[in-house]
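What follows is the residue order along each chain.
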Amino acid sequence: MVVSFQLALSDTTSLTTALVAMVGWHVLIGIGEAIITVGALAFIQTARADLLQLREATA
């Protein structure tokens, strides 16, 4: 969002155009990353659940 404001302040593009382009695409990318992360964690939980267990810290 900050880049959108910077682009608008520099008179490169309008704030509305920059916000739609930047925030809109990044929301879609974030949803895609969330789906990939959930899929990976579900696979690890099935294949090697021990990898997701917390261990005691050793001093």
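See the structure shown above.
Residues numbered from 1 in each chain as written. Predicted model: local features only at pLDDT ≥ 70, side-chain atom pairs only at ≥ 80, totals over all residues. Heavy atoms only, no water.

1. Concerning the overall build of the protein
- Tallying secondary structure elements over the protein gives two helices and zero strands in all.
- Taken over C-alpha atoms, the radius of gyration comes to 20 Å for the protein, far larger than the 10 Å a tight globule of 59 residues would show.
- Summarising its shape, the C-alpha atoms of the protein cover approximately 55 × 30 × 10 Å along the three principal directions.
- Per-residue burial for the protein yields a buried fraction of 3% across its 59 residues.
- In the form shown here, the protein has an accessible surface area of approximately 5,200 Å², with 70% of it arising from carbon and sulfur atoms. (Helix = DSSP H or I, 4+ residues; strand = E, 2+ residues; numbered from the N terminus. Rg over C-alpha atoms; globule rule 2.2 N^0.38 Å. Buried < 20%, exposed > 50% of the residue type's maximum accessible area, 1.4 Å probe, protein only. Areas by Shrake-Rupley, 256 points an atom, 1.4 Å probe, with all protein chains shown as cover.)

2. Quick word on a nonpolar patch on the surface
- Residues W25, V27, L28, I29, I31 and I35 make up a contiguous nonpolar surface patch of about 650 Å² in total accessible area.
- Note on placement: I31 falls in helix 2 (residues 15–47).
- The exposure class assigned to I31 is partly exposed, which follows from its relative accessible area of 47%. (Patch = residues over 30% accessible without salt bridge, like charges linked within 9 Å, V, L, I, M, F, W, Y side chains within 5 Å. Salt bridge = Lys/Arg side-chain N within 4 Å of Asp/Glu carboxyl O.)

3. Digging into unusual backbone geometry
- The phi dihedral of D11 falls on the positive side, at around 65°, and the residue is not glycine.
- Residue placement: D11 occurs in the loop between helix 1 (2–9) and helix 2.
- On the accessibility criterion, D11 (70% relative accessible area) is exposed.

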